[in-house]
Amino acid sequence: MTHPEETTFHLPDLGEGLVEATVLEWLVRPGDRVERNGPLVEVETTKSAAEIPSPHAGVVARLHAEEGETVAVGAPLVTFEVAAQDAAGIVGTVPTEEAPRRRVRLRPPEDE
Amino acid sequence: MSPAATGRTGAEAPAPPATMREALNRALDEALAEDPATLVFGEDVGRLGGVFRVTDGLQQRYGEHRVFDTPLAEAAIAGMAVGLAMNGWRPVPELQFDGFAYPALDQIVNQIARMNYRSRGRAPMPVTVRVPSFGGIRAPEHHGESLEAVFAHVPGLKVAAPSDAPDAYRMLLQSIRSDDPVVFLEPKARYWDRGPGPSGPEAPGPEAPGELPVGASRVVRSGRHATLVAWGAMVHRCLRAAELAAEDGVDLEVVDLRWLKPIDAAGLAESVRRTRRAVVVHEAPLTAGLGGEVSALITEGAFSRLAAPVQRVAGFDVPYPAGPLEPQYLPTLDRILSAVQRTFGA
């Protein structure tokens, strides 16, 4: 289950009843590796401009809109290539093994 | 479908050690293959293959009559298992997350746990209720709980909590093959861990000589100064703590309890009679947690040898916190080491 798989991110509902957004500037290009919550794209709605963070860690496979193009909420925005392991957990995150950290030091018992 | 996920790797390349979820997938695959009465069902287990991919590919292989999706209704999932078991099936329902197990408790406690007793043995309940359990994946509320003490308190249920991939494989097959109901708590935080060594058909199965029986604990690290007792994901953390303790010249034993009902009282006593000190570690809140039961069993079985009161390191007596607070809630290495030091009398 370590083969990469593709997952497509659709333009999320930006709230306030907005049904579309215009791509102002892509902050990634196909082939770029992105981190989860890293900057992805800047979009503009009739209310404001907003930066959308990446929902996945992975490699950008395809962008589905040009800069200046208007995209409907729910339409494909970016396709990522992600490790299947990362994609598999629908809720929560895959724990990472961190180097053990400690403050407490031990003294062996005296009665041995 | 990758070869690793199917458990059918062929002869080309040696498969890497399976992750725990792959090992569980193989166990389910084997259980479905060996007994046509085995059924796997629950929320998203069929078409999706489970939110953690534990049932990946099983519906394609065994059809939607044997591996099927249910409504989001845990009481119905557990209740369905009761009726199916009474009619000769061997149900393996999944409750998608521990926090969603509460609606199923009525069926589990009042029916699954009691039916064999109530029917004087005429209606056994060969049901294995799989519950992705415990914390460590920073999930939202209701997606990380430690219910082991709730289930272990119910007469008629067996409760399992494996700590690594090969053992998860063996214990799940053992549970499904058992004619008694088992609540099988899978440590979500270890789903992606590859465990020590192979799992699946190439590893010793439950029928292999030397296989641990239901209810047996195992020593996963030998030591002489104190015994750490844990289950599920906390076994791994205790092993880390033991490595740190070794840097200070302190030699810790780690016991993986494995079965939380029945509890291996003899195994616990054997270890602590040697080390003379014990620390029980669990994720669930301290008060009325299973650590109290384990502590009592150790005291009863090793009292004359104990050099210090048995210590407990547990979650705090608060509702299970949101993801960002998990590292503060779960027993830390420092809390475990401090408890060890307390058993040394300082």
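If you're wondering where the values come from, they're calculated on a predicted model, not measured in any experiment.

Considering the interface of chain A and chain B
(1) Moving on: Residue-level contacts link 25 residues of chain A with 43 residues of chain B.
(2) Moving on: Note on chain A versus chain B: buried area summed over both sides is about 2900 Å², and carbon and sulfur give 56% of it.
(3) Moving on: Here Asp248(B) makes a salt bridge to Arg102(A), at a shortest N to O gap of 2.6 Å.
(4) Moving on: Taken together, chain A and chain B are joined by nine residue pairs in polar contact (both at pLDDT 80 or more).
(5) Moving on: Residues that form the side of chain A that touches chain B fall into these classes: 11 nonpolar, six polar and eight charged.

What about the pairing of strand 4 (residues 39-44) of chain A?
Residues and elements named next belong to chain A.
(1) Moving on: Where strand 2 (residues 20-26) meets strand 4, four bridges bridge the pair, whose relative direction is antiparallel. Directly across from Thr22, in strand 4, lies its bridge partner Glu44.
(2) Moving on: Relative to strand 5 (residues 49-53), strand 4 runs antiparallel, the two sharing five bridges. Note that in strand 5 the partner of Pro39 across the bridge is Pro53.

Observations concerning the sheet that holds strand 2 of chain A
All names here are of chain A.
(1) Moving on: A sheet is described by the order of its strands in space; here four strands give the open sequence 5-4-2-7, paired in antiparallel fashion. The open sheet has two edge strands with one neighbour each: strand 5 and strand 7 (70-72). The mean inter-strand angle of the sheet, taken between neighbouring strand axes irrespective of direction, is 40 degrees.

The rules behind the values
- Residues numbered from 1 in each chain as written.
- Chains lettered and ligands numbered in written order.
- Predicted model: local features only at pLDDT ≥ 70, side-chain atom pairs only at ≥ 80, totals over all residues.
- Heavy atoms only, no water.
- Contact = heavy atoms within 4.5 Å.
- Buried area = accessible area lost by both parts, 1.4 Å probe.
- Salt bridge = Lys/Arg side-chain N within 4 Å of Asp/Glu carboxyl O.
- Polar contact = N/O pair within 3.5 Å; in protein donor to acceptor, adjacent residues only side chain to side chain.
- Nonpolar A, V, L, I, M, F, W, Y, C, P; charged D, E, K, R; others polar.
- Pairing = 2+ DSSP bridges.
- Helix = DSSP H or I, 4+ residues; strand = E, 2+ residues; numbered from the N terminus.
- Axes fitted to C-alpha atoms, helices over the stretch in contact; angles between N-to-C directions.

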